[in-house]
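# Survey of secondary and tertiary structure
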Amino acid sequence: MELTQTTIVAKPLPFADFVLPESKQGQNFLNLSFPTTRNEYWKYTRLGKLKTAKLKISQTSNITVETINNIVAIDRYQLVVFENGFLRNDLSDLTGIEENNTLSNKLSNEYFTALSDASFTSGINLKVKANTVLTKPLLLVNSSSDPESISNINHNITTQQGSEAMVCMLDLAAAEGSGFLNSVTRINAESSSNLEIVNLQVLGKATAIQNIYVDVAEDASFKHFGFSLIGQLTRNNINVNLNKTGAYAELNGVYVPSGSQHIDNHTYIDHIAPNCNSSELYRGILSNTATGVFNGKVMVRQAAQKTNAFQANNNILLSDKATMNSKPELEIYADDVKCSHGSTTGQMDKDALFYLQARGIKKTAAVKLLVTAFADDVVSRVSDEHLAELINAMIEKQISEN
Amino acid sequence: MATTEKELLEKVTKTEYKYGFTTNIESDKAPKGLNEDIIRLISSKKEEPQWLLDFRLKSFEIWKTMKEPNWAHVKYPKIDFQDLYYYAAPKPKKNLESLDEVDPELLDTFKKLGISIEEQKRLSGVAVDIVMDSVSVATTFTKTLKEKGIIFCSMGEAVKNYPELIQEHLASVVPVKDNFYAALNSAVFTDGSFCYIPKGVRCPMELSTYFRINESNTGQFERTLVIADEDSYVSYLEGCTAPMRDENQLHAAVVELKAAKGAEIKYSTVQNWYPGDKNGKGGIYNFVTKRGICEGDHSKISWTQVETGSAITWKYPSCILKGNHSIGEFYSVAVTNNHQQADTGTKMIHIGKNTKSTIISKGVSAGFSNNSYRGLVRINKSATNARNFSQCDSLLMGDQCGAHTFPYIETENSSAQVEHEATTSKIGEDQIFYCNQRGIATEKAINLIVNGYAKEVLNKLPMEFAVEAQKLLEISLEGSVG
Amino acid sequence: MLQIKNLEASIEEKQILKGINLEIKRGEVHAIMGPNGSGKSTLASVLAGKEDYEVTNGSVLFEGKELLELAPEDRAAEGLFLAFQYPVEIPGVSNINFLKTAINSIREYKGMQPIPAKEFLAKVKEKKELVELQSTLTNRSVNEGFSGGEKKRNEIFQMAMLNPKLAILDETDSGLDIDALRIVANGVNKLKTKDNAVLLITHYQRLLDYIVPDFVHVLYQGRIIKTGGKELALELEEKGYDWIQETEVSA
């Protein structure tokens, strides 16, 4: 009889090579398993390609100020640039900002958060001092220029009591480049502070997974705008805790996937304290064989009486082959609340289209006009008018190209 | 105010379950537990053909490989499937020719249920099939229906008299493998109703089945099959009650509907299984699979349900809209009080062109209960011009209960128009005060407001059921205001 | 019929009514006027029994019974009617069903049998004409989707159906155009008998051109600071509330 030796080789966990295995964050990560569509949280987003992608840490420096300036006029901002997960000191103005060089103390059971926490390369620590206003808004660029790079970014932003800040986050990938951008942003909006984040995603063929965790204190206001213009596979998870009475959260987004792109927005608003309001408006314009996902959950805890929570998700399918999966959820344990959500998916308003055509507007122009107006309901909520104008133009351009 | 909220709440929880009596009828029970022998025993008791025994055994094999689902928003201790009786029939059981032969004790039971068969026969012209524990005991009006070519009988009789119809359609809408409870039901179902409406026939009366669980520790696994041939119409009603018992009882039914070209099936349920006592002890686990297929063009299936009973409800009456221009509807009122849990909703699968679906769900939660709407609207690539409208509202009474909405909306066709809306609110204090000022006491005001809230759904029920449903809402909810 | 003695009431610890004294007899029409925030609507709500307000002192006798001890529905059954400033919408509950429930609740309180269907319908038909209410409105849900004027007319229609001893009209004239105002006022006048009484609560004199009061009271900072005949209303209209504040404060 021949002797055969069977060796059972455990399949390595994707990205295990990038974490610090001896740290508690590393241990935490190694105990998790790679999410599949059997996992409810990932039901509509397949990560198969990412799982087998050959990635490396890359220190390529290709991005120039011009590249950025072509998208957002930088003179109005304090610029901080990360490329492939590394800080570009040469392009950045770090006044009042520290580079984040420590591992997060939090142990997350979300796979990509845990990955970033256990292996991050860089990020910023921004603390807006009490009762001050951030004079120049921050333009925080997270870019990928190497098609094989993995970048893990961890940002921490705190707006201290009574302060006010606006941050524009630009997620950027060179048109040809792919790569994987994984980021975690932890936000602490202290009492009576106001923070507005506008996130522009122009991600080419890259895969981007973003996790944002927000704590909102008494009478503080947090607004987030996500404009996902291009991205092969984009997943944004925004988790907001309304911790104290009077806290306010507003989450908005427009996603315009085309080609075979897949854009997935998951929001979770946890009403923990009474008298908090939240509002969500996400709009999708989908063409070609693109897929959009919206999953918005509103949780209202037993103590969170007098909650007002409103959520809407509207989608236009411009192509027969596009797919939209919408899952608005309410989980409510308090009775004196006003919560509602609405979700619509369909094609453009034919009557409106006809009306415009009857006034002599060409069909393509009419479509562009209507779709831009559809997006503008979200865009017009951005407080910076310059930026709103810019975003509208970008959306219009994106639609024209498809 | 004369009555405080607390007093009112106490009053509700003291409202006794009206249908909680047991009937002293000797019954014929198989031993506890589930194995091949039990299945063979059920099959032989029912004098079934070999193919059906084979179907059961195969289903049992499949069931053994499956796991209990755990995704619903409900919590309950693990069920020991070996600790249940799978067959219990009222005894003696002989072939009944007329109602006069029915056990008087049994008739008395039906009277207590408010469904005096005689009366129903005389007044409302509703044909009734009554299933007690697992076995169908009386079907009225069979002869009148026969003249039109309509078959309405117990599943057991149908297997004997119309084997080819059963063999063709059984498990064709809900496959054995569909889910854990469907597989279990396929292995052990004991009776249920069968209904066939021939081509072009409009069923002249409401067909109705009453289900009742009488024996303790009994699982009830009925199986209902309704087939509407081309251009036919039928309205089918189902009512359920069970005695008050401390231990939980399992009800795992399967209902299959098939509508051919131009046919319409209206299926209404008033579910009032024993919900358990105010501390959540006892009550029915209602784990039911209901699905209909609109096979032919221009066919229509409409589900209406009023769910007030059961400790736990896990139920998603669904429509597969395969035929072009077919229509699916789901109208639901689900009320939970005390420690009840309900996870219910629907699935509308659009496959055919120009298909349309409407979902109206009204949840009411009181006490310590949890009430979830879970629904799927899926527009397949082939479903050009599909339309869906969903409205899911929740009403909360008191701050110890929960109301949840979990809709899944999947759209793969750009010509589709899908709309979903949901709201959650409580009964307005200003509404109650307004009623008070007009002389209406708070408790009555709540009934008025809740019935108004549920009206869109109650209106869909046949008249005699609507009145019963309205009363049930009142009984389940008296006084619970937040 | 109604005797209010030294009535004090507060909401969320804030005192609104600071000692109201008022007597209304059968057959009388009283008007309470006053600037915004003087406590007019609070008085109406307290009389009807709204829970949000806490009565801290005083008594209200209605036909010899202590009103403040009664639940709101029992006050209604005793014959007190409040026409709401903002009538509440109750979706899914038809006006007819609502009124029938109300009438039968009140009859039950009085130990009477429910109203026969025929009698009820005849009454609906009769009273509807009184306020020129469209037929369709009675079958629609209570106040749902009604215009402002329709809501107010519906209040008077309900008043006609319930036939109260004392009707309190809380700013019934607000938001009404001149035609609607005339219809509402006509309705009230037709319902007026020597056995019942009306308490009008209003900001403007306009309504009093149509429903002529026997007494006009001026409510200011939670107290009735002046009482007079209908000419007081005209004077107020001409000189404004400032005049009365000045004269009263200086006096």
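For clarity, every value in this text was computed on a predicted model and none was experimentally measured. (Residues numbered from 1 in each chain as written. Chains lettered and ligands numbered in written order. Predicted model: local features only at pLDDT ≥ 70, side-chain atom pairs only at ≥ 80, totals over all residues. Heavy atoms only, no water.)

The subject of this paragraph is the overall build of chain B. Tallying secondary structure elements over chain B gives 13 helices and 24 strands in all. Relative to its full complement of 482 residues, chain B shows a buried share of 66%. Long-range pairs, those at least 24 residues apart, make up 84% of the contacts in chain B between residues at least 6 apart in sequence. Only carbon and sulfur atoms are counted for the fraction: they give 48% of the accessible area of chain B, which is about 17000 Å². (Helix = DSSP H or I, 4+ residues; strand = E, 2+ residues; numbered from the N terminus. Buried < 20%, exposed > 50% of the residue type's maximum accessible area, 1.4 Å probe, protein only. Contact = heavy atoms within 4.5 Å. Areas by Shrake-Rupley, 256 points an atom, 1.4 Å probe, with all protein chains shown as cover.)

Before going further, it helps to examine unusual backbone geometry. Residue and element names in this part refer to chain B. Look at Glu47: it is not a glycine, yet its phi comes out positive at around 50°. Topologically, Glu47 is positioned in the loop between α2 (36-45) and α3 (50-64). The class of Glu47 is exposed, set by a relative accessible area of 58%. In this structure, Ala171 is a non-glycine residue whose phi angle is positive, near 65°. Topologically, Ala171 is positioned in the loop between α8 (163-169) and α9 (180-188). We classify Ala171 as buried; its relative accessible area is 16%.

Here we take up helix α4 (residues 111-119) of chain A. For the α-helix, the turn length of 3.6 residues means that residues three or four positions removed from each other point alike. All names here are of chain A. For α4, the buried fraction is high: 9 of the 9 residues fall into the buried class. Among all positions of α4, only Tyr111, Phe112, Thr113, Ala114, Leu115, Ser116, Asp117, Ala118 and Ser119 are buried. You can read the cap of α4 off the contacts: a side-chain oxygen lies 3.1 Å from the backbone nitrogen of Phe112, and it is on Glu110. (Polar contact = N/O pair within 3.5 Å; in protein donor to acceptor, adjacent residues only side chain to side chain.)

If you look at the interface, chain B gives 34 residues, while chain A gives 36 residues. Between chain B and chain A lies a buried interface of about 2800 Å² when both sides are counted; carbon and sulfur atoms form 44% of it. Connecting chain B to chain A are 0 salt bridges. At the boundary of chain B with chain A, the tally comes to 18 residue pairs in polar contact (both at pLDDT 80 or more). Those elements that provide at least two residues to the side of chain B that touches chain A are β23 (402-411) and β24 (417-426) of chain B. (Buried area = accessible area lost by both parts, 1.4 Å probe. Salt bridge = Lys/Arg side-chain N within 4 Å of Asp/Glu carboxyl O.)

Moving on: the packing of aromatic side chains. All names here are of chain B. Applying the stated criterion to the full structure yields 34 aromatic pairs over all chains. The interplanar angle of 40° and the centroid separation of 5.7 Å between the aromatic rings of Trp71 and Trp314 together place this pair among those described as tilted. With Trp71 in the loop between α3 and β2 (88-90) and Trp314 in strand β15 (residues 312-315), the pair connects residues that are 243 residues apart, well separated along the chain. Between Phe152 and Tyr236, the aromatic rings sit 6.2 Å apart at their centres with planes inclined by 90°, giving edge-to-face as the arrangement. Here Phe152, found in strand β5 (residues 151-154), pairs with Tyr236, found in strand β9 (residues 233-241); they are 84 residues apart in sequence, far enough to count as distant. Across the pair, exposure class does not vary: Phe152 and Tyr236 are buried alike. In this structure an aromatic cluster arises from ring pairing among Phe60, Trp63, Trp71, Tyr76, Phe81, Phe180, Tyr181, Tyr285, Phe287, Trp314 and Tyr316. Between Arg223 and the ring centre of Phe189, over which it is positioned, the NZ or CZ distance is 5.8 Å. (Phe/Tyr/Trp six-rings, centres within 6.5 Å; stacked < 30°, edge-to-face > 60°. Lys NZ or Arg CZ within 6 Å of the ring centre and 35° of its normal.)

Further remarks concern the pairing of strand β6 (residues 193-197) of chain B. Residues and elements named next belong to chain B. With 5 of 5 residues buried, β6 lies mostly within the body of the structure. Going residue by residue along β6, you find Ser193, Cys195 and Ile197 tucked away on one face and Phe194 and Tyr196 tucked away on the opposite face as well. Summarising the sheet, β5 and β6 pair through 4 bridges and their orientation is antiparallel. The residue bridging Phe152 from the neighbouring strand is Cys195, located in β6. In this structure, β6 lies alongside strand β8 (residues 223-228), joined through 4 bridges in parallel fashion. Bridge pairing links Phe194 to Leu225 in β8. (Pairing = 2+ DSSP bridges.)

Moving on: the sheet that holds strand β5 (residues 65-66) of chain C. Residues and elements named next belong to chain C. Read from one edge to the other, the open sheet built from 4 strands follows the order β2-β1-β4-β5, with strand pairing classed as antiparallel. At either end of the open sheet lies a strand with only one pairing partner, and these are β2 (14-24) and β5. Two elements, strand β1 (residues 2-11) and β2, share 8 bridges in a ladder whose sense is antiparallel. Directly across from Ala9, in β2, lies its bridge partner Leu17. Of the strands in this sheet, β1, β2 and β4 (54-62) are in contact with helix α1 (residues 40-48), which crosses β1 at around 110°. (Axes fitted to C-alpha atoms, helices over the stretch in contact; angles between N-to-C directions.)

Residue and element names in this part refer to chain C. Structurally, Arg107 is set in helix α3 (residues 95-109). As a buried residue without a salt bridge, Arg107 has its nearest oppositely charged side chain in Glu119, at a separation of 4.2 Å. When near neighbours in sequence (up to four residues on either side) are disregarded, Arg107 contacts Met112, Gln113, Pro114, Ile115, Pro116 and Glu119. (Lys, Arg positive; Asp, Glu negative; His and termini not counted.)

A few words now on the environment of Arg56 of chain B. Residues and elements named next belong to chain B. Structurally, the position occupied by Arg56 is in helix α3. Residue class for Arg56 comes out buried when judged on its relative accessible area of 0%. Considered as a pair, Arg56 and Val188 are 132 residues apart in the sequence and their alpha carbons are 6.8 Å apart.

Under the definition given, this model contains 45 salt bridges over all chains. Between Glu40 of chain A and Lys327 of chain A there is a salt bridge, and its shortest N-O distance comes to 2.7 Å. Taken together, the residues Glu40 of chain A in the loop between α1 (24-30) and α2 (48-52) and Lys327 of chain A in strand β18 (residues 323-332) connect sequence positions 287 residues apart. Among the ionic pairs, Glu412 of chain B bridges to Arg378 of chain B, the shortest N-O distance being 3.1 Å. With a gap of 34 residues between them, Glu412 of chain B in the loop between β23 and β24 and Arg378 of chain B in strand β21 (residues 370-379) connect regions that are remote in the sequence. The exposure class assigned to Glu412 of chain B is buried, which follows from its relative accessible area of 17%. Connected through salt bridges with shared partners, the residues Glu40, Lys297, Lys327, Glu329 and Glu331 of chain A form a single ionic network.

Turning to the confidence of the model for chain C, a few remarks are in order. Of the residues in chain C, 97% have a pLDDT of 70 or more, and the chain-wide mean is 88. In the predicted complex, the global pTM is 0.82; the interface-specific ipTM is 0.85. (pLDDT = per-residue confidence, 0-100.)

Moving on, we come to the interface of chain C and chain B. Taken residue by residue, the interface counts 33 residues in chain C and 20 residues in chain B. The three residues of chain C that bury the most area against chain B are Glu73, Phe84 and Val88 of chain C, which together make up 23% of that side's buried surface. Salt-bridge contacts for Glu155 of chain C lead to Arg438 of chain B; the nearest nitrogen and oxygen are separated by 2.6 Å. For the pair chain C and chain B, the number of links is 11 residue pairs in polar contact (both at pLDDT 80 or more). Among the secondary structure elements, those contributing two or more residues to the side of chain C that touches chain B are α1, α2 (72-78), β6 (80-83), β7 (90-94), α3 and α6 (148-162) of chain C.

For the rest of this paragraph, the subject is helix α6 (residues 363-379) of chain A. All names here are of chain A. Taking 1.5 Å of rise per residue, the 17 residues of α6 would be expected to cover 24 Å, and the 23 Å separating its terminal C-alpha atoms lies within 8% of that figure. Those residues of α6 that fall on the buried side of the exposure criterion are Ala366, Val367, Val371, Thr372, Phe374, Ala375, Val378 and Val379. Tucked inside the fold, the buried residues of α6 contact β11 (221-230), β13 (248-255), β15 (277-286), β17 (308-317), α5 (350-358) and α7 (385-401). (Expected span 1.5 Å × (residues − 1).)

Turning our eyes to something else, we now look at the packing of α6 of chain A against α7 of chain A. Helix packing for two helices is described by the angle between their axes and how far apart those axes are. Residue and element names in this part refer to chain A. Remark: α6 packs on α7, axes separated minimally by 10 Å, with the N-to-C direction vectors making an angle of 145°. For the crossing formed where α6 meets α7, the hand is right-handed. Facing Lys368, Val371, Thr372, Ala375, Asp376 and Val379 of α6, the residues of α7 in contact are Ala388, Ile391, Asn392, Ile395, Glu396, Ile399 and Ser400. (Left-handed = near helix turned anticlockwise from the far one by under 90°.)

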